[in-house]
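Descriptive structure summary
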Amino acid sequence: MSKAIQAVRGMNDCLPAQTNVWQMVEEVLRRVASNYGFAEIRMPIVESTALFKRSIGEVTDIVEKEMYTFDDRNGDSLTLRPEGTASCVRAGNQHGLLYNQEQRLWYMGPMFRHERPQKGRYRQFHQFGIEAFGIATPDIDAEVIMLSARLWKELGINEHVTLELNSLGSNDERNDYRDALVAYLELHKDKLDEDSQRRMYSNPLRVLDSKNKDVQAVLVDAPKLSDYFGDETKQHFSTLCARLDSAGIDYQLNDRLVRGLDYYNRTVFEWVTSSLGAQGTVCAGGRYDGLVEQLGGKGTPGFGFALGIERLVLMMTSLEKADNVRAQVDAYVIMLGDDVAAKANILAEQWRDQVPQIRLQCHCGGGNMKKQMKRADKSGAQIALILGEDELANNTITVKYLRGQHEQQSLPIEEIASLLTDLV
Ligand code: ATP
Ligand code: MG
């Protein structure tokens, strides 16, 4: 026998036992996005490498070491998308959706980053993202954050996530701060690790993000970005905070939150959880007013976030929120006897016509009652609908409840459709 080929490391199959949880989560994401007037956009999975270098930034984890980049057959450098915002802006610019307009968009799909695979961190993973274009005022920051808060509520995990919030100021404010930060870091250069020493000049704000305890100790007395904020930035941030307060959304201010991508300005936020171990960020985003122009469009403000669907599914499973997700099958049709089978299939077709939402599985492959009941049980169905010679003669169906304590009963065939309607 030849050796079986395995999936690529860090790229997972999603098996039927998990797909129903995925579908449930995806359904909530889609519905809540539409509750806020967002429309779906679908972008290609492959883009020009330059798109990500220009938007995410050359000195970021993603561009430095995580991208799947390759030359296609005519020598163009292409990259499997590591995130969605850049593609979304590229598409918006290309199709004239952004300038002088308001757009509320969402996307969902696979992203690719060459990271060390571990729980909650994969090389192909899935994001759902929200992007709102054309609104510079903090009301949209608040509304998008409220949208994210509603997602946790609908998924039943709101008590297990907390919101962290920060402002990165305007580009000018950040530039002034950068000089002060670099001057401070230079004084403590010997206490910084190799990564931070390198970033100190190329992307000094990322030093604030360092997980290294020694580096964090140095940062305690570093200058604060907020000391460089002008009135507009202060006003923007305080209005956002007030909106969140009045909406009853709790948050923690975290002045070390700088985000790993270069394009953010003003508001940044993350939803974090302690129920996933080291991979604690479930959702992250912020304002990116300069990105559209940076990618060749006319200046248009933007605000958005992306969340990791694997991390959500993991959370739902570990918090046992996925246990009540509807099984793949609602009802299982058992047929006993050769004359019966053809009739049972016709009835099943009628029930599918009458109750379009029903998930009805007909037994195939013959066998006795015991074998068919075993299959019915394994399908996860709520009920078995049994058609045998007696039932056929009497125009009835025997209904056996597979979960819970209900007694078996015999119903006229005409009543089955309404029984099925109650199931879905
Ligand atoms: P992290 O700090 O965990 O690496 P990040 O800052 O790189 O996250 P973003 O680029 O902001 O992540 O992506 C948004 C969300 O996508 C993350 O909060 C996370 O839920 C998810 N995510 C990012 N990278 C991965 C990955 N490799 N595997 C699974 N989910 C991921
Ligand atoms: Mg990362």
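Everything below is about the structure shown above.
Here's a quick rundown of the structure. (Residues numbered from 1 in each chain as written. Chains lettered and ligands numbered in written order. Predicted model: local features only at pLDDT ≥ 70, side-chain atom pairs only at ≥ 80, totals over all residues. Heavy atoms only, no water.)

With that settled, the discussion passes to the overall build of the protein chain. In terms of regular secondary structure, the protein chain is built from 16 helices and 16 strands. Principal-axis analysis of the C-alpha atoms places the extent of the protein chain at approximately 90 × 60 × 45 Å. Relative to its full complement of 424 residues, the protein chain shows a buried share of 50%. Taking contacts inside the protein chain between residues at least 6 apart in sequence as the whole, the part at least 24 apart equals 70%. Total accessible area on the protein chain is roughly 21300 Å²; 47% of this is exposed by carbon and sulfur atoms. Side-chain charges of the protein chain comprise 49 positive and 60 negative groups, with the mean position of each set lying 4 Å from the other. (Helix = DSSP H or I, 4+ residues; strand = E, 2+ residues; numbered from the N terminus. Buried < 20%, exposed > 50% of the residue type's maximum accessible area, 1.4 Å probe, protein only. Contact = heavy atoms within 4.5 Å. Areas by Shrake-Rupley, 256 points an atom, 1.4 Å probe, with all protein chains shown as cover. Lys, Arg positive; Asp, Glu negative; His and termini not counted. Charge placed at Lys NZ, Arg CZ, Asp CG, Glu CD.)

On to the pairing of strand 5 (residues 103–112), then. Along strand 5, 8 of the 10 residues are buried, which leaves the element largely enclosed by surrounding structure. Of the strand pairs in this sheet, strand 1 (residues 39–40) and strand 5 are connected by 2 bridges, and their pairing is parallel. From the neighbouring strand, E40 faces strand 5, where its bridge partner is W106. Taken together, the 10 bridges between strand 5 and strand 6 (residues 124–133) define a ladder with antiparallel strand orientation. (Pairing = 2+ DSSP bridges.)

This next bit is on the nonpolar core. With 47 residues, the main nonpolar core has F128, L151, W152, W271, F305 and L307 as its most contacted residues. If one sorts the elements of this core by residue count, helix 5 (residues 138–155) sits on top with 9 residues. In terms of nonpolar packing, the next biggest core, distinct from the first, is built from 46 residues, L51, L168, V258 and L261 among them. (Core = buried A, V, L, I, M, F, W, Y, C linked by side-chain atoms within 4.5 Å.)

Spatially, 5 strands are ordered 13-12-14-15-16 in an open sheet, and the strand pairing comes out mixed. The open sheet has two edge strands, strand 13 (360–362) and strand 16 (409–412), and neither has a second partner. Here the average twist between neighbouring strands, direction ignored, is 30°. Lying over the sheet, helix 16 (residues 416–423) contacts strand 12 (331–335), strand 14 (383–387), strand 15 (396–401) and strand 16, oriented at roughly 165° with respect to strand 14. (Axes fitted to C-alpha atoms, helices over the stretch in contact; angles between N-to-C directions.)

Right, let's get into the site of ligand 1. Neighbouring residues of ligand 1: 15 residues in total, closest R113, E115, R121, Y122 and R259. Separating an oxygen atom of ligand 1 from a side-chain N or O atom of R113 is a distance of 2.8 Å. Taking E115, its side chain carries an N or O atom lying 2.7 Å from a nitrogen atom of ligand 1. In the complex, 87% of the free accessible area of ligand 1, which totals 580 Å², lies under the protein chains. If you list the elements that add at least two residues to the shell around ligand 1, you get strand 6, strand 10 (281–287) and strand 11 (302–308). Looking at the shell around ligand 1 residue by residue, the classes come out as 6 nonpolar, 4 polar and 5 charged. (Near = heavy atom within 4 Å. Polar contact = N/O pair within 3.5 Å; in protein donor to acceptor, adjacent residues only side chain to side chain. Nonpolar A, V, L, I, M, F, W, Y, C, P; charged D, E, K, R; others polar.)

This part takes up helix 10 (residues 231–246). For helix 10, spanning 16 residues, the distance from its first C-alpha to its last is 22 Å, which sits close to the expected 22 Å at 1.5 Å a residue. Among the residues making up helix 10, those that are buried are T233, H236, F237, L240, C241 and L244. Projection of helix 10 onto a plane perpendicular to its axis shows the buried side chains occupying an angular sector of 125°, all on one side. Every exposed residue of helix 10 that faces more than 90 degrees away from the buried side is listed here: D231, E232, Q235 and S246. Buried residues belonging to helix 10 abut helix 5, strand 7 (162–167), helix 6 (171–187), strand 8 (252–253), strand 9 (265–272) and strand 10. A positive phi of about 75° marks G248, the residue just after helix 10. (Expected span 1.5 Å × (residues − 1). Arc of directions from axis to C-beta.)

Here we come to the pattern of salt bridges. In total, this model carries 21 salt bridges according to the counting rule given. Between E47 and R90 there is a salt bridge, with its nearest N and O atoms 2.8 Å apart. With a gap of 43 residues between them, E47 in strand 2 (residues 46–48) and R90 in helix 4 (residues 85–94) connect regions that are remote in the sequence. R199 is the partner of D61 in a salt bridge, and the nearest nitrogen-oxygen pair spans 2.9 Å. Here the residue D61 occupies a position in helix 3 (residues 61–66), and R199 occupies one in helix 7 (residues 194–202), the gap between them amounting to 138 residues. Take D61: its relative accessible area is 24%, and that puts it in the partly exposed class. What emerges from the salt-bridge pattern is a single network uniting D61, E64, K65, D195, R198, R199, R206 and D209. (Salt bridge = Lys/Arg side-chain N within 4 Å of Asp/Glu carboxyl O.)

On the surface, a cluster of negative charge is made up of D338, D339, E389 and D390. When you line up the elements, D339 lands in helix 13 (residues 338–354). Owing to a relative accessible area of 55%, D339 belongs among the exposed residues under this scheme. (Patch = residues over 30% accessible without salt bridge, like charges linked within 9 Å, V, L, I, M, F, W, Y side chains within 5 Å.)

Okay, the pairing of strand 4 (residues 77–80) next. Alignment of strand 2 against strand 4, held across 3 bridges, turns out to be antiparallel. Residue S48 lies in a different strand from strand 4, and its bridge partner there is L78. When strand 3 (residues 68–71) meets strand 4, the two strands line up antiparallel, connected through 4 bridges. Across the sheet, the residue bridging to D71 is S77, located in strand 4. Remark: 5 residues form the turn of the hairpin made by strand 3 and strand 4, two consecutive strands paired antiparallel; G75 in that turn has positive phi of roughly 90°.

Counted under the stated rule, the structure contains 9 aromatic pairs. Note on F269 and F303: the rings are 6.0 Å apart at their centroids and 5° apart in plane angle, and the pair reads as stacked. Of this pair, F269 sits in strand 9 while F303 sits in strand 11, and the two are 34 residues apart along the sequence. Note on F303: relative accessible area 0%, which makes it buried. Connected via pairs of aromatic rings, a cluster forms that spans W106, F128, F269, F303 and F305. (Phe/Tyr/Trp six-rings, centres within 6.5 Å; stacked < 30°, edge-to-face > 60°.)

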